[in-house]
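Residue strings, one per chain:
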Amino acid sequence: KGDLGGAAGWVLGMIFAGFLTPAGLQGLAIKQDEGKLGKSPVIVGPTLDGGQFDLAEKKGKVVLIDFWATWCVPCQKSLTNMMDVEEDWKKNYNCEIVAVSIDDAQNTAKVKTTVTGKGWDYLVLLDPNQQTKQSLNFQNIAFSIVVDGKGNIIFTHQGYVDGDENLLEEEIKK
């Protein structure tokens, strides 16, 4: 048969694709469960502070994943404005905001400077090769996905204008 399905096939695929190396993860890795519309992808990878993130560990929680870059003014405005609602979302909806930087590896220092300068206390992930962006098949940032407590993508949103956090909140509280 030659089919290495499941986790073994995924790991081998990730190694051949260059996402996993003997040195570890090279940015975020993502795998969409085929045939399960709305099922959240598996997202694992490095955080800005040197840790590791695994979306699967957030089961039972609503997670807003917001893709951004240091050069994207609307992205920065979005994440800055969401700071005003973050605590309420945690308390009222058990929601965590995760910011995914798609800046390349050369700009990682700018990511840290931007996050510190803006005072964002979100968990920040690094996707320097834009593998997650490509796997989710979106073209432009700002881009957000809302993942429910069961691991399903329940909403996606492209772009940002003032007040979009209210639209996101409507979807988060469903």
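Residues numbered from 1 in each chain as written. Predicted model: local features only at pLDDT ≥ 70, side-chain atom pairs only at ≥ 80, totals over all residues. Heavy atoms only, no water.

### A word on the overall build of the chain
The criterion, for reference: Secondary structure elements follow DSSP: runs of H or I of four or more residues count as helices, runs of E of two or more count as strands, with numbering from the N terminus. Buried means the residue's accessible area, taken with a 1.4 Å probe over protein chains only, is under 20% of the maximum for its type, while exposed means over 50%, and partly exposed covers the values in between. Contacts between residues were defined by any pair of non-hydrogen atoms, one from each residue, lying within 4.5 Å. Areas reported here follow the Shrake-Rupley algorithm with a probe of radius 1.4 Å; residue values treat only the protein chains shown as occluding.
The helix and strand inventory of the chain stands at five helices and 10 strands. Classification of the 174 residues of the chain by burial places 47% in the buried group. Sequence separation of at least 24 residues holds for 62% of the intrachain contacts in the chain that already meet a minimum separation of 6. For the chain, the computed accessible surface area is about 9,100 Å², with 52% contributed by carbon and sulfur atoms.

### Considering the state of the cysteines
Our working definition: Two cysteine sulfur atoms form a disulfide, by the criterion used here, when they sit within 2.5 Å.
In total, this model carries one disulfide according to the counting rule given. Shown here is the disulfide that connects C72 with C75, its sulfur atoms set 2.2 Å apart. Classification of the bridge connecting C72 and C75 rests on its S-S torsion, roughly 75°, and on that basis the disulfide is right-handed. Grouping residues by exposure puts C72 and C75 together as buried.

### Observations regarding the pattern of salt bridges
Where charged atoms of side chains with opposite charge meet at close range, the side chains can pair. Quick note on the threshold: By salt bridge we mean one thing: a side-chain nitrogen of Lys or Arg within 4 Å of a carboxyl oxygen of Asp or Glu.
Across all of its chains, the model carries seven salt bridges by this definition. A salt bridge links E170 to K173, with the shortest nitrogen-to-oxygen separation between them at 3.3 Å. With relative accessibility at 42%, the residue E170 sits in the partly exposed group. By relative accessible area, K173 is classed as partly exposed at 42%. Linked through salt bridges whose partners overlap, the residues forming this network are K58, K61 and E96.

### A look at the nonpolar core
Soluble globular proteins tend to bury their nonpolar side chains together. Let me state the cut-off plainly: Nine residue types can take part in a nonpolar core, namely buried Ala, Val, Leu, Ile, Met, Phe, Trp, Tyr and Cys, and a core is a set of them joined through side-chain atoms within 4.5 Å.
Counting 42 residues, the largest nonpolar core has L64, I65, F67, W68, M82, W89 and I141 as the members making the most contacts within it. Elements supplying a minimum of two residues to this core: β6 (62–68), α2 (73–93), β7 (95–101), α3 (108–118), β8 (123–126), β9 (143–147) and α5 (164–172).

### Let's talk about α5
Inclusion rule: Arc, as used here, means the arc of the directions from the helix axis to the C-beta atoms.
For α5, the full list of buried residues reads D164, E165, L168, E169, E171 and I172. The buried residues of α5 all sit within an arc of 160° when viewed along its axis, so they share a single face.

### Focus: the packing of aromatic side chains
Stated precisely, the cut-off is as follows: Note on aromatic pairs: the rings of Phe, Tyr and Trp (six-membered ring only in Trp) are paired at centre separations within 6.5 Å, and the planes decide the class, stacked below 30 degrees, edge-to-face beyond 60, tilted for the rest.
Evaluated as defined, the whole model comprises five aromatic pairs. A ring pair is formed by F67 and F143, whose centres lie 6.2 Å apart and whose planes are at 45°; its orientation type is tilted. One end of the pair, F67, is in strand β6; the other, F143, is in strand β9, and 76 residues separate them in sequence. What makes F67 buried here is its relative accessible area of 0%. Residues F138 and F143 carry aromatic rings whose centres are separated by 3.9 Å and whose planes lie at 10° to one another, so their mutual orientation is stacked. Residue F138 shares its accessibility class with F143, and that shared class is buried. Every member of this aromatic cluster is reached through a ring pair, and the members are F67, F138 and F143.

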